[in-house]
Every structure is written in structure tokens, then in C-alpha cells.
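# Tertiary structure, described
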Amino acid sequence: MAVALGSTSICAQTHGAAGAELFGKHCVACHQADGEGIPGLAPPLVGALKKVAEVDLGRTYIAHVLVSGMAGTIKTRVGKFIGAMPSQAALSDHELAAIASYVLSTFNDSPVALKAEGFAALRSKPLPPGEVRKLREQVLAQIGGQ
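Residues numbered from 1 in each chain as written. Predicted model: local features only at pLDDT ≥ 70, side-chain atom pairs only at ≥ 80, totals over all residues. Heavy atoms only, no water.

### Section: the side chain of Thr76
Under the convention used in this document: Secondary structure elements follow DSSP: runs of H or I no shorter than four residues count as helices, runs of E no shorter than two count as strands, and numbering proceeds from the N terminus. When a residue's accessible area, from a 1.4 Å probe over protein chains only, is under 20% of the maximum for its type it is buried; when over 50% it is exposed; and in between it is partly exposed.
With respect to the secondary-structure elements, Thr76 resides in strand S2 (residues 70-76). For Thr76, a relative accessible area of 18% gives the class buried.

Printed below as a string of C-alpha cells:
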């Protein structure tokens, strides 16, 4: 499944405009236009996902956050967040891929672009939001923290 999730092709650039528009419509209220988030409410996306996106499990985690949402306490470079990110599964696979790829390229300087096919595969196996948080912990352990 991870192969279907990521690529480092020109695909990231093609998602740019659509991803920016979708991010502005669905994500900016919490994560802010600059990706810095809101203290105590939404963690920053800036610089938080480049290493995550470099590993298969990390790309799977990013996709699960969008498909399944995430709940529980997380620690980031700017502090602790207790709450929940709602699932964005109402969006199409192409829209989710565009948002993820936009976040990776714009806020993380990552060449990785997530593919719609990977999101489609995860929809048939969504995780409970608390399990997505546990997946985050596994990814961070694999890459040596954030």
C-alpha cells in the first residue's frame, strides 16, 4: 500500500494549486495559512512531516490522519496538544492527495506527493482516531523523533 501512497515525481507540483485551494477551504481555520497551527488547538504542520513522509509507514500515517482523523494527546516541537482532528473522508481521494501533497511541499519542503490510489485503499480499512495517534508514535520511533 505504501507504494501506492507516495511518489517523488512532478505530481507534487500538479497538486499545488488544487491543494492550496483545498487547504484554504478545509484546513486553514485550524492549521492557519502559514501552517503554524493554533497553540493548544492545532499543531503546526511546518517542518513536522518531511522525515515522516520519507518512510512508508509515515506516508500511511499521513493518509490515515486525513481519512480517519486522529484523537488523543500528542507532543510536538511547540508543546502538547490534547484533542482531535476530524476525518476529512468526505473529500475525494484526489482532494485528499492534493491537500497532503500541498502540505508536504509547501510547509515541509518535501518532494513526496501522496497518490489518490493510496487514499482509496485506506478507505476500506479506516482506523479509529486513537489508533491513528498510536501509528504516529510508531512512525516517530522509527524515524527517531520529530
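### Concerning the pairing of strand S3 (residues 79-85)
To keep it simple, the criterion reads: Two strands pair under a simple rule: DSSP has to find at least two bridges between them.
Pairing of S2 with S3 involves seven bridges; the strand directions are antiparallel. Along S3, the bridge assignment pairs Thr73 with Ile82. Linking S2 back to S3 in an antiparallel pair, the connection comprises two residues.

### Regarding the packing of helix H5 (residues 56-68) against helix H8 (residues 129-143)
The line we're drawing: Axes here mean lines fitted to C-alpha atoms, for a helix over just the part in contact, with angles spanning 0 to 180 degrees between N-to-C directions. Roughly parallel refers to an angle under 35 degrees, roughly antiparallel to one over 145, roughly perpendicular to one between 65 and 115, and oblique to any angle outside these ranges. The sense of a crossing depends on the near helix, which, turned anticlockwise from the far helix by less than a right angle, makes the crossing left-handed and, turned clockwise, makes it right-handed. Note on contacts: a residue pair qualifies if any of its non-hydrogen atoms lie within 4.5 Å across the two residues.
Between H5 and H8, the least distance of the axes is 9 Å, while the angle of their chain directions is 160°. With respect to H8, the axis of H5 lies roughly antiparallel. The handedness of the crossing between H5 and H8 comes out as left-handed. For the pair H5 and H8, the contacting residues are Leu57, Gly58, Thr60, Tyr61, His64, Val65 and Ser68 in the first and Pro129, Val132, Leu135, Arg136, Gln138, Val139 and Gln142 in the second.

### Digging into the nonpolar core
As a reminder, the rule being used: The term nonpolar core refers to a set of buried residues drawn from Ala, Val, Leu, Ile, Met, Phe, Trp, Tyr and Cys, joined through side-chain atoms within 4.5 Å.
If you look at the biggest cluster of nonpolar residues, it comprises 38 residues, and the most contacted ones within it are Tyr61, Ile62, Val103 and Phe119. Per-element accounting of this core gives the leading share, nine residues, to helix H6 (residues 93-108).

### A short note on unusual backbone geometry
Residues other than glycine seldom take positive phi values, yet Gln32 does so here, at roughly 70°. One non-glycine residue with positive phi stands out, namely Asp109, at about 50°. On the secondary structure map, Asp109 appears in the loop between H6 and strand S4 (113-114). Given the relative accessible area of 59%, Asp109 is considered exposed.

### So, the packing of aromatic side chains
What counts, and what does not: Two aromatic rings from Phe, Tyr or Trp, using only the six-membered ring of Trp, form a pair when their centres are within 6.5 Å; if the ring planes differ by under 30 degrees the pair is stacked, by over 60 it is edge-to-face, and anything between is tilted.
Across all of its chains, the model carries three aromatic pairs by this definition. Note on Phe23 and Tyr102: the rings are 5.5 Å apart at their centroids and 45° apart in plane angle, and the pair reads as tilted. In this pair, Phe23 sits in helix H2 (residues 11-26) while Tyr102 sits in helix H6, placing the two residues 79 residues apart along the sequence. Relative to Phe107, the ring of Tyr102 lies with its centre 5.7 Å away and its plane at 80°, an arrangement referred to as edge-to-face. Residue classification places Tyr102 among the buried positions, given a relative accessible area of 13%. In this structure Phe107 comes out as buried when scored by relative accessible area, which is 9%. Linked through ring pairs, Phe23, Tyr102 and Phe107 together constitute an aromatic cluster.

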